[in-house]
Amino acid sequence: RELAPGAVHLPGWLDAGRQRELVGLCRSWASGPVPMRAVKMPNGGVMSVRSVSLGWHWLPYRYSRTADDVGGAAVAPFPDVLGDLGREAVEAAYGPDEGSRYEPDAALINYYDDAAKMGMHQDREERVNAPVVSLSLGTACTFRFGNTENRNRPWQDVELASGDLFVFGGPSRFAYHGVLRTLPGTAPTGIGFEGRLNITLRQTGLG
Ligand code: MD3
Ligand code: FE
């Protein structure tokens, strides 16, 4: 369950009921003030993943309170339910002390269709090194967890399935990572969703 120091994978951490609930919340967040969209990269590329942010709007390579790349609407507030879920998640991975100190203020909800993937990258727009919490829903994927130095080997390929929790903190906080492919047909029946959703919670340190 600990892939590397600070990288803790808890498969099936969310039961079916909580998965359904979160899928419903993701649907409502996706139709908030800032539409779910594919991020345009500075090099002209467009991400195959579609995403929506809560609390702080992520765009390459900074956070904003407004959707500067898509019309400038104010981003929806970070919901209390995700703060509580984040503390519960960090507690499950690291214990109650770390859990109680966790104050995430930004969430990124990523949607993957069967063709979507995400190249190897680091998450380093945050100014503090609090852990990142990742929750997967729907279709499973092959996730690549790399090293802190560069996007090359060594890496570990891990399947992330619906309900899985992954916490990345400590020495793993700035590891390179990506999503190689989704695994179509693997979504559990009964959560009301096809495709893959990933919720990440972050503490930006931006106040
Ligand atoms: C390891 N999302 O939104 S979650 C992202 O499944 C992102 O949508 C992927 O990478 C997804 O930035 C992977 C797992 C993840 C998230 C953040 C990390 C792994 C991480 C930060 C540091 C190290
Ligand atoms: Fe990332």
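In short, a report on the structure. Since this is a predicted model, take the numbers as computed values, not measurements.

**Description of helix α2 (residues 80-94)**
In this model α2 runs 21 Å from its N-terminal to its C-terminal C-alpha over 15 residues, within 8% of the 21 Å that 1.5 Å per residue would give. The set of residues buried in α2 consists of Leu82, Gly83, Leu85, Gly86, Ala89, Val90 and Ala93. Buried residues along α2 cover an arc of 165° about the axis, so they all sit on one side. Downstream of α2 by a residue or two, Gly95 has a phi angle that is positive, lying close to 110°.

**Looking at the pattern of salt bridges**
Tallied over the full model, the rule gives nine salt bridges. Residue Arg87 is joined to Glu103 by a salt bridge in which the shortest nitrogen-to-oxygen separation is 3.5 Å. Taken together, the residues Arg87 in helix α2 and Glu103 in the loop between α3 (96-101) and β7 (106-112) connect sequence positions 16 residues apart. For Glu103, a relative accessible area of 47% puts it in the partly exposed group. What emerges from the salt-bridge pattern is a single network uniting Asp123, Glu126, Arg173 and Arg202.

**So, the coordination of the iron ion (ligand 2)**
Taken together, the protein donors to the iron ion (ligand 2) comprise His121 (NE2), Asp123 (OD), Asp123 (OD) and His177 (NE2), at separations of 2.0 to 2.8 Å. Coordination at the iron ion (ligand 2) is irregular, judged from the six donor atoms that bind it and the angles of 50 to 174° they form at the metal. Between the donor residues of the iron ion (ligand 2), the gaps in sequence give the motif H-x1-D-x53-H. Note that Asp123 is positioned in the loop between β8 (118-121) and β9 (132-138) and His177 in strand β13 (residues 177-183), a separation of 54 residues in sequence. The two residues Asp123 and His177 agree in class, both being buried.

**Re the packing of aromatic side chains**
Centre distance and the angle of the planes are the two values used to describe a pair of aromatic rings. Applying the stated criterion across every chain yields a total of five aromatic pairs. With 4.3 Å between their ring centres and 15° between their planes, Phe166 and Phe168 make a pair best called stacked. Each member of the pair, Phe166 as well as Phe168, carries the same accessibility label: buried. Connected via pairs of aromatic rings, a cluster forms that spans Phe143, Phe145, Phe166 and Phe168. Its end group placed over the ring of Trp56, Arg65 keeps NZ or CZ at 3.8 Å from the ring centre. A cation sits over an aromatic face here: Arg144 above Trp155, 3.7 Å from the ring centre.

**What about the site of ligand 1?**
If you check the shell around ligand 1, you find 19 residues, and the closest are Asn110, Tyr112, Arg173, His177 and Arg196. Between Asn110 and ligand 1, the recorded distance is 2.9 Å, taken from a side-chain N or O atom to an oxygen atom. The separation between an oxygen atom of ligand 1 and a polar side-chain atom of Arg196 is 2.9 Å. Relative to its free-state accessible area of 500 Å², ligand 1 is covered by the protein chains to the extent of 98%. For ligand 1, the cavity whose grid points lie within 2 Å of the majority of its atoms is the largest pocket. Every element with two or more residues in the shell around ligand 1 is listed here: β7, β8, β9, β13 and β14 (196-202). Here the shell around ligand 1 gets four residues from one element, more than from any other, and that element is β14. Its residues assigned to classes, the shell around ligand 1 comprises eight nonpolar, seven polar and four charged.

**As for the environment of Cys26**
Structurally, Cys26 is set in helix α1 (residues 16-30). Looking at Cys26, the relative accessible area reads 3%, which means it is buried. Note: C-alpha distance between Cys26 and Ile109 (83 residues apart in sequence) is 7.2 Å. Here Cys26 is in contact with Ile109, Leu137, Leu197 and Ile199, once residues within four sequence places are set aside.

Rules behind the numbers
- Residues numbered from 1 in each chain as written.
- Chains lettered and ligands numbered in written order.
- Predicted model: local features only at pLDDT ≥ 70, side-chain atom pairs only at ≥ 80, totals over all residues.
- Heavy atoms only, no water.
- Helix = DSSP H or I, 4+ residues; strand = E, 2+ residues; numbered from the N terminus.
- Expected span 1.5 Å × (residues − 1).
- Buried < 20%, exposed > 50% of the residue type's maximum accessible area, 1.4 Å probe, protein only.
- Arc of directions from axis to C-beta.
- Salt bridge = Lys/Arg side-chain N within 4 Å of Asp/Glu carboxyl O.
- Donors = N, O, S within 2.8 Å, 3.2 Å for Na, K, Ca; no water.
- Tetrahedral: all angles 85-135°; square planar, octahedral: opposite > 155°, others 65-115°.
- Phe/Tyr/Trp six-rings, centres within 6.5 Å; stacked < 30°, edge-to-face > 60°.
- Lys NZ or Arg CZ within 6 Å of the ring centre and 35° of its normal.
- Near = heavy atom within 4 Å.
- Polar contact = N/O pair within 3.5 Å; in protein donor to acceptor, adjacent residues only side chain to side chain.
- Areas by Shrake-Rupley, 256 points an atom, 1.4 Å probe, with all protein chains shown as cover.
- 1 Å grid on protein atoms, 1.4 Å probe; cavity = no way out; pocket = protein on both sides within 12 Å on 5 of 7 lines; lining within 4 Å.
- Sits in = over half its atoms within 2 Å of the grid points.
- Nonpolar A, V, L, I, M, F, W, Y, C, P; charged D, E, K, R; others polar.
- Contact = heavy atoms within 4.5 Å.

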